[in-house]
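Examination of the molecular architecture
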Number of protein chains: 2
Amino acid sequence: MDTPRDHLRDLFRAAGRRLTAQRRLVLEVLEASTEHLDAETLYERARVHDPNISLATVYRTLAVLKEMGLVEEHRLGEGHSHYESVRGGPHYHFICQGCGRVIEFDTPLVAQIEQELRDREGVLVLGAHLHLSGYCAQCQQTMHQQEEANRQ
Amino acid sequence: MDTPRDHLRDLFRAAGRRLTAQRRLVLEVLEASTEHLDAETLYERARVHDPNISLATVYRTLAVLKEMGLVEEHRLGEGHSHYESVRGGPHYHFICQGCGRVIEFDTPLVAQIEQELRDREGVLVLGAHLHLSGYCAQCQQTMHQQEEANRQ
DNA sequence: CCGTTATTGCGAATAATTCGCAGTAGCGGG
DNA sequence: CCCGCTACTGCGAATTATTCGCAATAACGG
């Protein structure tokens, strides 16, 4: 029976790459977090376990993991990216323009859209990012209150 | 009866902003293109009509237009953004990881997803980006051929 | 036509990511 | 278990994309 670790090494071998301590570490840090981490945060957390790891390696590792489909990159409107390990099914994001809060959700309708596009265009869909934006319930209320205040 | 130009000025006035020649130009360049332009390209094209316009102004104008909802920003995996003037309905993108080709499409299912989220979370959805990726029909074929070649 | 002040152009500053290179370490084979 | 090949790493410098500070300019309401 395969241990998860062996399985991981096989994945790398199959991709013609080497499973290094740094790559394992980056992946572990990502999997240990439920949030989406940016490269800098990831770097800091990884450094706790390996003070010698470099930021460049973090970036290079993220690129590799992304290419292997183990990690997903999100660009939520800021200047930098956030990364997340791919487990469970795909899921999508709503980001509040007021407070920056991110709501994650899932829906089978995206798969349906992929299906449609596959049928219509003959494409092979490997990844899907759905990024809604607007205002969360809380911020909508805040805005209404401000409007009333301005009207005085 | 309003001319389109007057209408544009009103839009800016309503937002407490001024309609300058540069802003008009950036918008015109964007509307004249069917593709998504990045800031640099936009800058070059704008310079044809106004050699003095600066790249900083292009960026600032894009930020304003985006805030006003006249322009949409797309981050399709590269290091930089692409911009597109908002006309017609919303539409979504598939990008081929092989050749970089972008297929635009539309589907009412996204509106349905928005609806669901609105009902479930009480959020107000203002923008939706759906970004699928994978391989186009052509690149899939190319890949199969390469695989066979490697097998020899 | 005037005054206020948003906007611009310029070049410098930042932020995020990538690169070049010399040294290190995976891992397949003996 | 050791060797050799070469992918990978750390480092600091280089790029790329975008933003900022500031003095000069120009929109537009009155």
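Here goes a summary of the coordinates provided. Please read all numbers here as calculations on a predicted model, not as lab measurements.

1. Points about the interface of chain A and chain B
Between chain A and chain B, the contact holds 35 residues from the first and 36 residues from the second. Between chain A and chain B lies a buried interface of about 2,900 Å² when both sides are counted; carbon and sulfur atoms form 64% of it. A per-residue breakdown of the area chain A buries against chain B is headed by Arg75, Leu109 and Ile113 of chain A, which together make up 20% of the total. Taken together, chain A and chain B are joined by zero salt bridges.

2. Some thoughts on the protein's contact with DNA strand D
The environment of DNA strand D is made up of 22 residues, and the closest members are Gln22, Arg23, Thr57 and Arg60 of chain A together with Tyr59 of chain B. Within 4 Å of the protein, the atoms of DNA strand D are drawn from sugar and phosphate moieties in a proportion of 71%. Gln22 of chain A is positioned such that a nitrogen or oxygen atom in its side chain is 2.8 Å from a sugar or linking oxygen of DNA strand D. Interatomic distance of 3.1 Å between a backbone N/O atom of Ser54 of chain A and a phosphate oxygen of DNA strand D. Broken down by secondary-structure element, the contributors of at least two residues to the surface near DNA strand D are helix H2 (21-32) and helix H4 (55-67) of chain A together with helix H1 (4-14) and helix H4 (55-67) of chain B. Ranked by residues supplied to the surface near DNA strand D, first place goes to H4 of chain B with four residues. Classifying every residue of the surface near DNA strand D gives six nonpolar, eight polar and eight charged.

Criteria and cut-off values
Residues numbered from 1 in each chain as written. Chains lettered and ligands numbered in written order. Predicted model: local features only at pLDDT ≥ 70, side-chain atom pairs only at ≥ 80, totals over all residues. Heavy atoms only, no water. Contact = heavy atoms within 4.5 Å. Buried area = accessible area lost by both parts, 1.4 Å probe. Salt bridge = Lys/Arg side-chain N within 4 Å of Asp/Glu carboxyl O. Near = heavy atom within 4 Å. Polar contact = N/O pair within 3.5 Å; in protein donor to acceptor, adjacent residues only side chain to side chain. Helix = DSSP H or I, 4+ residues; strand = E, 2+ residues; numbered from the N terminus. Nonpolar A, V, L, I, M, F, W, Y, C, P; charged D, E, K, R; others polar.

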